[in-house]
Each structure stands twice: as C-alpha cells, then as structure tokens.
Amino acid sequence: QEVHAFVAGLARDLARGQTESFIVATRLRTEELAAAYQRSAESEGARLREWLDQMYASSCLVWQPLPPGEMQLRSLAGGRLLECLGGGGRAALTTMPDKAGNTLALPLKLSVVEGRFYVLR
C-alpha cells in the first residue's frame, strides 16, 4: 500500500506538470548516472526536469490507471530493490497511448534509503 501511494503520488504530480517529487525521488539515480557519464548532478537533474516539462507540454503525461490490486512488486537484487509493475507486467508509470498509439513508460525500481522511497534504477 505504501509503494502504491508513492507511485500514485508521482503519477498525480507529473500529470499536473509538477516535477519536483519525481526529481527528488530520482536524486540518487541521477547522481549515479552523472558520475558515470562525468557530468554534474545539477545538469543531469536539469535535463530530466526539462524533458519532463516537455512531455507535460505535449500532453504525453496522461497515465494509465493503476488500481492498488493491479500493482505488482517484483523483488530484485536480493530484496534490496522493488520493481513496480502495473497490469499485464507493464511499468507502473505508463501513459495512455497517444493518437499515434505511442506510450511513454517510466520504469521504477525502488529502494528505501534513510526511511524514504527512492528510484534507484
């Protein structure tokens, strides 16, 4: 239930064009990727925010419903990560198809760090 509430909150915020909760949730992942690609965490965070803003502006962020009973959690990395899946094994955060039938999926692999959920992969 806690994971569902967290993911539903991310979807609600992104659907409203509010990116901050997603940026905070992906902070550790963003820092890791920045280090791997020898970039600053700030520039990577800004790139992610800009991309999310563009997706919102193009109306691509209408999320498929995720009823609590359909959410599946798959344990990974010896139980240290939880992969969040929706109905049919799709990513929990998947948009409704656009006019061309395209969808956007944001795969989420969560862990609890310092008492909070973070997207680590």
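As shown above, the structure is provided for reference.
Please read all numbers here as calculations on a predicted model, not as lab measurements.

Now for the side chain of Asp 13. With respect to the helices, strands and loops of the structure, Asp 13 is situated in helix H1 (residues 2-15). Despite its burial, Asp 13 pairs with no opposite charge, the nearest such side chain being Arg 12 at 4.0 Å. For Asp 13, the residues in contact, after removing those within four places along its chain, are Gln 18 and Ser 21.

This brings us to the nonpolar core. Counting residues in hydrophobic clusters, the biggest one holds 25 residues, and the most contacted among them are Val 7, Leu 14, Phe 22, Cys 84, Leu 93, Leu 108 and Leu 110. When residues of this core are traced back to their parent elements, those giving at least two are H1, helix H2 (20-25), helix H4 (41-57), strand S5 (108-113) and strand S6 (116-119). Here this core gets six residues from one element, more than from any other, and that element is H1. Beyond its immediate stretch of four places on either side in the chain, Phe 22 contacts Leu 10, Leu 14, Leu 48, Leu 52, Leu 93, Leu 106 and Leu 108.

The next thing to look at is the pattern of salt bridges. Scanning the model with the defined rule gives six salt bridges in all. The salt bridge involving Glu 44 is made with Arg 39; its shortest N-O contact spans 3.4 Å. Its relative accessible area of 12% is what places Glu 44 among the buried residues. Note that Lys 109 and Glu 83 form a salt bridge whose closest N and O atoms lie 3.8 Å from each other. Remark: Glu 83 occurs in strand S2 (residues 81-85) and Lys 109 occurs in strand S5; sequence separation between them is 26 residues. Its relative accessible area of 21% is what places Lys 109 among the partly exposed residues.

With 14 residues, H1 extends 20 Å between its outermost C-alpha atoms, agreeing within 8% with the 20 Å of an ideal straight helix rising 1.5 Å per residue. Listing the buried residues of H1 in full gives Val 3, His 4, Phe 6, Val 7, Gly 9, Leu 10, Ala 11, Asp 13 and Leu 14. Positive phi appears at Gly 17, one or two residues downstream of H1, with a value of about 80°.

So, how was this worked out
Residues numbered from 1 in each chain as written. Predicted model: local features only at pLDDT ≥ 70, side-chain atom pairs only at ≥ 80, totals over all residues. Heavy atoms only, no water. Helix = DSSP H or I, 4+ residues; strand = E, 2+ residues; numbered from the N terminus. Buried < 20%, exposed > 50% of the residue type's maximum accessible area, 1.4 Å probe, protein only. Lys, Arg positive; Asp, Glu negative; His and termini not counted. Salt bridge = Lys/Arg side-chain N within 4 Å of Asp/Glu carboxyl O. Contact = heavy atoms within 4.5 Å. Core = buried A, V, L, I, M, F, W, Y, C linked by side-chain atoms within 4.5 Å. Expected span 1.5 Å × (residues − 1).

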